Structure formats: structure tokens, C-alpha cells
Amino acid sequence: MPNNDILVSGGGIAGPVLAYWLSRAGFAVTIVERAPAPRPGGQTVDLRGAGRTVVARMGLLDQARAIAVEQRGIAAVDKKGRITARLPADSFGGEGIVSEIEILRGDLARLFYEASLPHTEYVFDDTVTALEQDDDGVNVTFEKSAPRRFSLVVGADGLHSAVRALAFGPHARHIHPLGLYISWFTAHDELDLGGWYQMYNAPGGLTVSARPGRLPGEVKVSFGFRSGPIAYDRRDVAAQKAIIAGRFAGAGWETPRLLSAMAGASDFFLESVGQVRLDRWSRGRVVLLGDAGYCPTPLTGLGTSLALVGAYVLAGELATTGDHRVALRNYDRIMRPYVGEAQKLPPGGVNGFAPSTALAIRMRAASMRAMTRWPMRNLIASQFAKASSIDLPDYDLPALR
Ligand SMILES: Cc1cc2nc3c(=O)[nH]c(=O)nc-3n(C[C@H](O)[C@H](O)[C@H](O)COP(=O)(O)OP(=O)(O)OC[C@H]3O[C@@H](n4cnc5c(N)ncnc54)[C@H](O)[C@@H]3O)c2cc1C
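Treat the numbers as computed from the prediction; the structure is a model and nothing was measured.

Chemist: So what's going on with helix α11 (residues 324-342)? Which residues, and what values?
Modeler: When the terminal C-alpha atoms of α11 are compared, their 26 Å separation across 19 residues agrees well with the 27 Å that a helix rising 1.5 Å per residue should span. Its axis deflected by about 40° at Met-335, α11 carries its strongest bend there, up to four residues before the proline Pro-337. Among the residues of α11, His-324, Ala-327, Leu-328, Asn-330, Tyr-331, Asp-332, Ile-334, Met-335, Tyr-338, Val-339 and Ala-342 are the ones counted as buried. A side-chain oxygen of the first residue of α11 lies 2.8 Å from the backbone nitrogen of Arg-325; this N-cap is Asp-323.

Dropping the structure here:
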């Protein structure tokens with residue numbers, strides 16, 4: 001490309017990883033992130049299959065292992081806190097529902113941010129408001145910064161991507177909601193979870209989960225509920241917390257304690273769960289990456305691996321083809337089958353995650369118990385292996401100095 005400047009919207013997981021690889025290829029990368037600083041928060045995300053390979057090629061696998069959280073596995077509990085089913089971490093050889101390396105999302109985002117930082121220009125607290133492309137580049141307008149011109153713009157700005165909305169059309173055209181909302185936050189609480197990721201379901205499609213954080217006294221909490229579309233202000237955190245408090249009032253287990261911890265949480269995040277599907281991920285000099293282009297939903301456990309692999313392939317193709325049109329076509333061709341597999345929801349789909357009735361909750365616990373035994377155990381391990389494998393090109397980009 002004649003001009004080497006690339007703008008990446010979104011400094012979550014995909015954006016910094018792309019910036020790291022593009023810098024290795026000699027591109028000048030600017031990341032614009034709407035948050036005022038790298039965003040902490042989230043529960044654990046899995047590093048598996050090809051995603052793990054990308055981290056290894058970045059030379060960060062040892063550091064990733066060092067920040068991984070200890071886990072005994074997932075345990076379903078009833079309203080009195082009694083364990084009704086367990087999926088121990090080693091049940092699927094590290095490649096199943098619980099992967100070998102589970103890292104708190106905020107820790108992983110920080111690792112990639114730091115790896116990209118020396119060679120990337122970060123602009124926080126800003127967002128793209130208009131894109132105007134011609135044959136040679138894209139003129140970009142920002143909410144706060146002065147307009148600039150780039151050779152390519154990458155939307156790595158998550159499920160509600162601003163770049164996607166500007167270049168590909170309204171969210172409703174591309175986001176396919178699952179009828180589920182999930183919130184995440186960190187609680188400072190001494191709740192004893194015995195090292196398990198504990199998951200409680202209540203009738204009405206309510207799920208509450210809590211897992212030990214990496215630091216003592218830290219608990220990573222999630223509340224999920226099934227619902228048709230609800231209108232809320234994405235910037236009004238107090239209103240979002242009120243939605244959760246209202247939905248979960250009176251639910252059993254440790255819910256009252258976790259709800260009161262939610263009031264003081266600074267990293268609270270509420271998201272409507274939806275898959276992003278588009279026939280093509282680029283339009284001229286604008287391209288989508290990670291959740292912005294192909295969010296599979298947290299139910300699949302594959303969103304982070306998709307983002308990592310997508311970033312590596314996009315950078316590799318831009319670096320080795322020398323023509324953005326060819327590179328973007330190749331990116332689509334290489335990623336499309338991998339994304340297709342990863343977007344298949346696990347058995348039971350939303351019902352498996354948030355069963356609606358007491359009977360369905362008991363059946364889910366029974367099916368969890370069956371999952372650890374042959375033949376279900378082998379079937380699940382092979383499904384995950386299939387969904388997380390891709391014939392990953394080796395771009396052999398020069399090391400950073
Ligand atoms: C706070 C948070 C917590 C999460 N927790 C979990 C979890 O517990 N489990 C799970 O499976 N997945 C979680 N996810 C989603 C998970 O990170 C992604 O599915 C996956 O890692 C793909 O990463 P991504 O970089 O494409 O998207 P994301 O990680 O969502 O990153 C997108 C980034 O773009 C930024 N952004 C959004 N809009 C704009 C804009 N207009 N301009 C500039 N920047 C913008 C966001 O602030 C964010 O930093 C979470 C995401 C976030 C943001």
C-alpha cells in the first residue's frame with residue numbers, strides 16, 4: 001500500500017494484537033479507543049487451538065500462562081449452594097468446555113496492550129464519527145481529535161462496532177440477538193467458591209456465576225437473563241445495574257450478596273448477546289475484525305481465539321501481498337470456514353446456558369454429569385478441537401526491535 005498508516009478502531013483484544021503484527025510488518029498503526037484507558041473487566045476467556053498458537057508466535061505464551069487463573073472446573077449449584085454437577089478442568093484434556101489456559105479478559109487485554117504499546121499510537125477517549133473513502137485512502141473524522149487520512153481503517157470495536165455501522169449499515173442488519181443479556185463485574189468479597197467456577201440457574205432463564213479472581217478477595221461475577229430486546233442507555237451504568245438488581249431480586253444462592261457487591265463495582269459491563277454475521281468483512285479500504293465482524297457470542301468460548309487468529313491473518317496478508325484488495329480477499333477466504341465452525345452454538349444453545357424451568361435446570365445438571373463420561377466426553381472434545389482448528393499460515397514477519 002502506498003501509504004503505511006492504518007487506523008484501528010477498538011483497543012480490546014483484536015485491536016492491540018493486530019497492531020502488534022502490523023508493526024512487525026512495518027505499518028504505522030493508530031488505535032482509537034472509546035474508553036479512557038485499556039478496559040479491565042470480564043470473566044475468563046479461553047486460549048485454545050489456533051488462538052493459542054498466535055499467542056505463542058507473539059512470544060507471549062509463558063506470560064499468558066503466568067497470568068492464567070487456577071481453576072478446578074465448572075460446578076452447577078442449587079439455590080442452597082449444593083453442587084449438583086461438576087465439569088473438572090481436566091475432563092476434556094484441556095481442549096473442551098474448560099480450556100487448558102483460562103485468563104481473565106482484562107489481564108489478557110493488558111498483556112496485548114503492553115506488547116503493542118512501544119510501536120502503536122494510542123488515542124483514548126475518542127471515536128470515529130465519519131469515514132469517507134476514495135481510491136487511495138480513507139478520510140476519518142473523530143468525535144474529539146482532528147480529522148486524519150489513513151490508507152486502511154479496521155473496525156475492531158466489538159459487537160456494537162461504530163466502524164461497521166458507518167461502512168456496512170445499521171446494527172440491526174448484522175447483529176442476530178440470542179434473546180439473552182449478560183453482565184460482568186468484579187466483586188470484592190471473601191465468598192468461598194472452593195476454587196470452582198460456580199454457576200447457579202433459577203427458573204425464568206436467570207443465571208448467576210462467580211469464579212475466583214486472580215487476586216485474593218476478588219470474585220468475578222456474571223448475571224445473565226433471557227429477554228427480548230430492552231432499551232437502555234449503553235453509557236448509563238447506574239441504570240444498567242438497576243436492570244440487573246430488578247431482574248435478580250429474590251433469586252436464590254448468593255445472589256443478594258453479589259447484588260450488593262455489584263453496587264460498588266467499577267468495571268460493570270452489560271451486553272446483549274448476539275452473533276454478528278456479514279457476507280463480506282470489507283468494503284474498499286474498511287475491514288472488520290474480531291467481534292465487530294464475526295462475534296460468535298461468549299456461549300461458544302471462541303470469541304477471543306477468533307479475534308487473535310483474525311488479527312494475525314489480516315496483518316499477515318496485508319504484509320505479504322502488497323495489495324490491500326488481494327489481502328482482504330484472502331483474509332475472508334482463510335477465515336470464513338473457521339468462523340462458520342466457531343459460530344455453531346454448543347448443544348442446547350441458549351437453553352443449555354440459561355434453562356427456563358426447574359425441570360430444564362435439573363436436566364441440564366444431568367447432562368453436565370453425562371458430559372464427563374464416555375462417549376459424551378470424547379464427542380465434546382472432538383467438537384471443540386474441530387471448532388478451534390484452522391490451517392494457520394506462517395507469515396514469518398520480522399521481529400520487533
Ligand atoms: C469489558 C469487556 C468484558 C468482556 N468480558 C467477557 C467475558 O467475560 N467472557 C467472554 O467470553 N467475552 C467477554 N468479552 C468479549 C470478548 O472480549 C470478545 O468476544 C473477544 O475477546 C473479541 O475481542 P474484540 O477485541 O473483537 O472485542 P472486545 O474485546 O469487545 O473489544 C472491543 C473494544 O472496542 C472498544 N470500542 C467499542 N466501541 C468503540 C468505538 N465506537 N470507538 C472506539 N472503540 C470502541 C471497546 O471499548 C473495547 O475496548 C468482553 C468484552 C469487554 C469489552
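Next, the rest of the story.
Chemist: Any chance you could break down the pattern of salt bridges for me, citing the residues and the numbers?
Modeler: On inspection of all chains with the given rule, the structure shows 13 salt bridges. Of the charged contacts in the structure, one is a salt bridge between Arg-48 and Asp-46, with a shortest N-O distance of 2.7 Å. Two residues, Arg-257 and Asp-189, come together in a salt bridge whose shortest N-O distance is 2.7 Å. Of this pair, Arg-257 sits in helix α8 (residues 255-262) while Asp-189 sits in the loop between β12 (175-188) and β13 (197-202), placing them 68 residues apart in sequence. Here the salt bridges do not stand alone but share partners, grouping Asp-189, Glu-254 and Arg-257 into one network.

Chemist: Report on the pairing of strand β11 (residues 152-155), specifying residues and quantitative values.
Modeler: Residues Leu-152 and Val-154 of β11 are buried on one face, and the alternating residues Val-153 and Gly-155, pointing to the opposite face, are buried as well. For strand β1 (residues 5-9) and β11, the ladder comprises four bridges, and the chain directions are parallel. Looking across to β11, one finds that Val-8 is bridged to Val-154. Bridge analysis of β11 against strand β18 (residues 286-288) gives three bridges, and the strand direction is parallel. Bridge pairing in β18 links Val-153 to Val-286.

Chemist: Summarise the packing of aromatic side chains; cite the residues concerned and give the values.
Modeler: All chains considered together, the criterion is met by 16 aromatic pairs. Look at Trp-21 and Tyr-312: their rings are 4.8 Å apart centre to centre, the planes differ by 70°, and that puts the pair in the edge-to-face class. Of the two residues, Trp-21 sits in helix α1 (residues 14-24) while Tyr-312 sits in helix α10 (residues 303-321), which places them 291 residues apart along the sequence. For the pair Trp-21 and Tyr-312, one class covers both residues: buried. Geometry around Trp-281 places Arg-336 over its ring, the cationic atom sitting 3.7 Å from the centre.

Chemist: Please provide a residue-by-residue account of the site of the ligand, values included.
Modeler: Taken together, 31 residues surround the ligand, and among them Ala-14, Glu-33, Gln-43, Arg-105 and Asp-291 come closest. One of the backbone N or O atoms of Gln-43 is found 2.6 Å from an oxygen atom in the ligand. In this structure, an oxygen atom belonging to the ligand sits 3.0 Å away from a side-chain N or O atom of Trp-184. No other element matches the three residues that α10 contributes to the shell around the ligand. Split by residue class, the shell around the ligand holds eleven nonpolar, 13 polar and seven charged.

Chemist: So what about the packing of α1 against α10? Which residues, and what values?
Modeler: A pair of packed helices is captured by two measures, namely the crossing angle of their axes and the spacing between those axes. Remark: α1 packs on α10, axes separated minimally by 8 Å, with the N-to-C direction vectors making an angle of 30°. Classified by the angle their axes make, α1 and α10 are roughly parallel. Here α1 runs over α10; the crossing is right-handed. Between α1, through Ala-14, Val-17, Leu-18, Trp-21 and Leu-22, and α10, the contact on the second element is made entirely by Ala-307, Leu-308, Ala-311, Tyr-312, Leu-314, Ala-315 and Leu-318. Grouping the amino acids of the contact of α1 with α10 by side-chain chemistry returns twelve nonpolar, no polar and no charged.

Chemist: Lay out the environment of Ala-75 in plain terms, naming residues and giving numbers.
Modeler: If you trace the backbone, Ala-75 turns up in strand β4 (residues 73-77). Overall, Ala-75 belongs to the buried group, its relative accessible area being 0%.

Chemist: Which residues make up unusual backbone geometry, and what values do they have?
Modeler: The phi dihedral of Trp-253 falls on the positive side, at around 60°, and the residue is not glycine. Relative accessible area serves as the criterion here: at 13%, Trp-253 is assigned to the buried category. Residues other than glycine seldom take positive phi values, yet Thr-297 does so here, at roughly 85°. Along the chain, Thr-297 falls in the loop between α9 (291-294) and α10. Judged by its relative accessible area of 3%, Thr-297 falls in the buried class.

Thresholds, definitions, all that
Residues numbered from 1 in each chain as written. Predicted model: local features only at pLDDT ≥ 70, side-chain atom pairs only at ≥ 80, totals over all residues. Heavy atoms only, no water. Helix = DSSP H or I, 4+ residues; strand = E, 2+ residues; numbered from the N terminus. Expected span 1.5 Å × (residues − 1). Bend = angle between axes of the 7 residues up to and from the residue. Buried < 20%, exposed > 50% of the residue type's maximum accessible area, 1.4 Å probe, protein only. Polar contact = N/O pair within 3.5 Å; in protein donor to acceptor, adjacent residues only side chain to side chain. Salt bridge = Lys/Arg side-chain N within 4 Å of Asp/Glu carboxyl O. Pairing = 2+ DSSP bridges. Phe/Tyr/Trp six-rings, centres within 6.5 Å; stacked < 30°, edge-to-face > 60°. Lys NZ or Arg CZ within 6 Å of the ring centre and 35° of its normal. Near = heavy atom within 4 Å. Nonpolar A, V, L, I, M, F, W, Y, C, P; charged D, E, K, R; others polar. Axes fitted to C-alpha atoms, helices over the stretch in contact; angles between N-to-C directions. Parallel < 35°, antiparallel > 145°, perpendicular 65-115°, else oblique. Left-handed = near helix turned anticlockwise from the far one by under 90°. Contact = heavy atoms within 4.5 Å.

Everything listed here is a matter of geometry and, on its own, says nothing about what the molecule does.
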